[in-house]
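Close look at the chain arrangement
Now for the letters of each chain:
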Amino acid sequence: MTNPPIDYADVQGTILRGYRVDLARHFILSITDVAGARCLIGLMVSGAADVPQITSAARWKVKPKYFVNIGFTCAGLAALGLTPAQLATFDAGFQRGATNPKTAQIVGDVGESDPTTWVGGLSDGAAVHVVLSLWVSHDRIDLVEVTAELRAAFACCMNELSAHDAHALPANHIHFGFRDNIAQPTVMGAPPRKCSVPDHQPVVNTGEFLLGYTNAYGSTYSVQPLELSTNSSYSSFRILEQDVPGFERFLTTYAAQAKVDPEMLAAKICGRWRNGNPLELAPNAPGTVLPLSKLNDFTYVSQHTQEDDTLGLKCPIGSHIRRNNPRSAAVVGGTDSTHHRIVRRAMPYGPAYDSAHPDTNLRGLIGHFINGSITNQFEFLMSQWDNTSSFVKSAAASCGSGIGNAVFNISGQDVFLGVNDPSGSSFTLAGCSATGKDNTTITGFGRLITTRGGAYCFLPSITGLRYLASLASPTA
Ligand code: HEM
């Protein structure tokens, strides 16, 4: 089935475009006046000069001063007037919501990550209706000004439960010291990325990120009413606190145990060196940063013996990037990696950690993980590929079965995203032996990342926002 070209002006910008900004602020809002909220939504897509406008993915000639996008939780859509029958057509995970106990089990929000402990009003999923996200290039005055305009606009109809700031660290690095924002899916029909990092991975069907287009299964995600369907999407908004000194201690302790350099262990955990170079292309040392054209141009399984890393001897099968996108590697659960891609729009919060001057500031990563199906993409990644090690298919290296099989070379859960408990956690560095007996496995570590908040959002198209604005209250 051929998809029509995407009408970028009808799509919320953050779905298809990375804004390449330094500052973000996410407002968590609860609707207090439904008619007022509908009116505000309408104003935000009306072109009105006195209210900040929702940013679409339409091409701009001059980079805007700010970018605003809006997501609604299931409770938010219900508050705006969608009926239970209509909401029943939405993604199953979205209907459940982020604070639902079943969701928490699926994505590993348990223990210290339990939704009941979440900050900023996010623990009360029924009260969280809107996540309004603002991005500005780098000017704090713009952030203050647009914040004031937004607050003036929503004050009469929404209660601000909290606001959460994020800011870029130098050179696209995130806490733990890794360079981020290298690998993103190439979405069929999407605008070309400005700072694109090309790769040879399959282009992902538009329907994996936008409702109303063919997805990777050859079908189409859609919702009722149809005005809300085409060009809309979903996101999992997350506040993920990172224990930076804990990660450095982890590296020191376990590098000594595994008899590798701490920087090598950091790279093995992630799949990339902290400078961004992938282990597949720089297996022994970080080296100088590869050019953009090379940085993401690799895969894991190849018929060419030189390039093949079926066994994870270079990049562990359990590393963060390989679990979240196994590329050409065969998997048992899930069709293949093209069915579970995700667009990441997250930035660090909290100051950079300086080990010479330790502090107790809170720091982590905050933002939206975007997909056409929360169930098949975000929740699938978190529950299957990040939190199990049984998804790897039996496979020998292209040079033969004598040096191992992929299934022996992974254990435990993602060190970053797994529900790691010292009593059962483990991470495998593969060695060369038929049954994995020469592997090195580190065990006994806890979680380094804790969920501090989350919300499942529906990101309506501009048409969808106009539809929500036009809803009338049911007559008594
Ligand atoms: C604080 C939490 C997190 C940290 C520290 C982290 C760190 C990283 C780093 C350093 C990279 C490599 C940079 C790149 O390839 O662009 C990466 C890639 C990636 N991460 Fe995360 N991440 C976090 C949360 C998540 C979450 C919640 C998901 C979604 C379930 C996720 C999915 C991915 C994916 C899909 C990639 C790209 C893999 C590829 O295509 O090769 N990450 N992450």
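What you see is a predicted model, and the numbers here were worked out from it, not measured in a lab. (Residues numbered from 1 in each chain as written. Predicted model: local features only at pLDDT ≥ 70, side-chain atom pairs only at ≥ 80, totals over all residues.)

With respect to the site of the ligand
- Around the ligand lies a shell of 27 residues, among which Phe178, Ile182, Ala183, Asn324 and Asn325 are the nearest.
- Secondary-structure elements contributing two or more residues to the shell around the ligand are strand 5 (233-242), helix 11 (320-324), strand 7 (364-371) and helix 12 (374-385).
- For the shell around the ligand, the class distribution of residues is 17 nonpolar, six polar and four charged.
- When we break the shell around the ligand down by domain, the ones giving at least three residues each are domain 1 (8-240 + 453-470) and domain 2 (242-340 + 375-449). (Near = placed C-beta within 6 Å. Helix = DSSP H or I, 4+ residues; strand = E, 2+ residues; numbered from the N terminus. Nonpolar A, V, L, I, M, F, W, Y, C, P; charged D, E, K, R; others polar. Domains from an automatic or database assignment.)

Observations concerning unusual backbone geometry
- With an omega dihedral of -5°, the bond running from Gln224 to Pro225 counts as a cis peptide bond.
- Secondary-structure assignment places Pro225 in the loop between strand 4 (158-167) and strand 5.
- Phi is positive for Asn231, close to 80°, though the residue is something other than glycine.
- Here Asn231 is to be found in the loop between strand 4 and strand 5.

With respect to the domain arrangement of the protein chain
- Taken domain by domain, the protein chain comprises domain 1 (8-240 + 453-470) and domain 2 (242-340 + 375-449).
- The centre of domain 1, based on its C-alpha atoms, is set 30 Å off from the matching centre of domain 2.
- With 25 residues of domain 1 at the interface, the matching set in domain 2 holds 27 residues.
- Contributing elements (two or more residues each) for the side of domain 1 that touches domain 2: helix 5 (92-96), helix 6 (101-107) and strand 5. (Contact = placed C-beta atoms within 7 Å.)

Some words on helix 7 (residues 140-154)
- When the terminal C-alpha atoms of helix 7 are compared, their 21 Å separation across 15 residues agrees well with the 21 Å that a helix rising 1.5 Å per residue should span.
- Taken together, the buried positions of helix 7 are occupied by Leu143, Leu150 and Phe154. Buried residues in helix 7, looked at end-on, bunch into an arc of 40°, giving them a common side. Within helix 7, the exposed residues directed more than 90 degrees away from the buried face are Ile141, Val144, Ala148 and Ala152.
- On its buried face, helix 7 is in contact with strand 1 (23-31), helix 2 (34-43), strand 3 (130-136) and strand 4. (Expected span 1.5 Å × (residues − 1). Buried ≥ 20, exposed ≤ 12 C-beta atoms within 10 Å, placed from the backbone. Arc of directions from axis to C-beta.)

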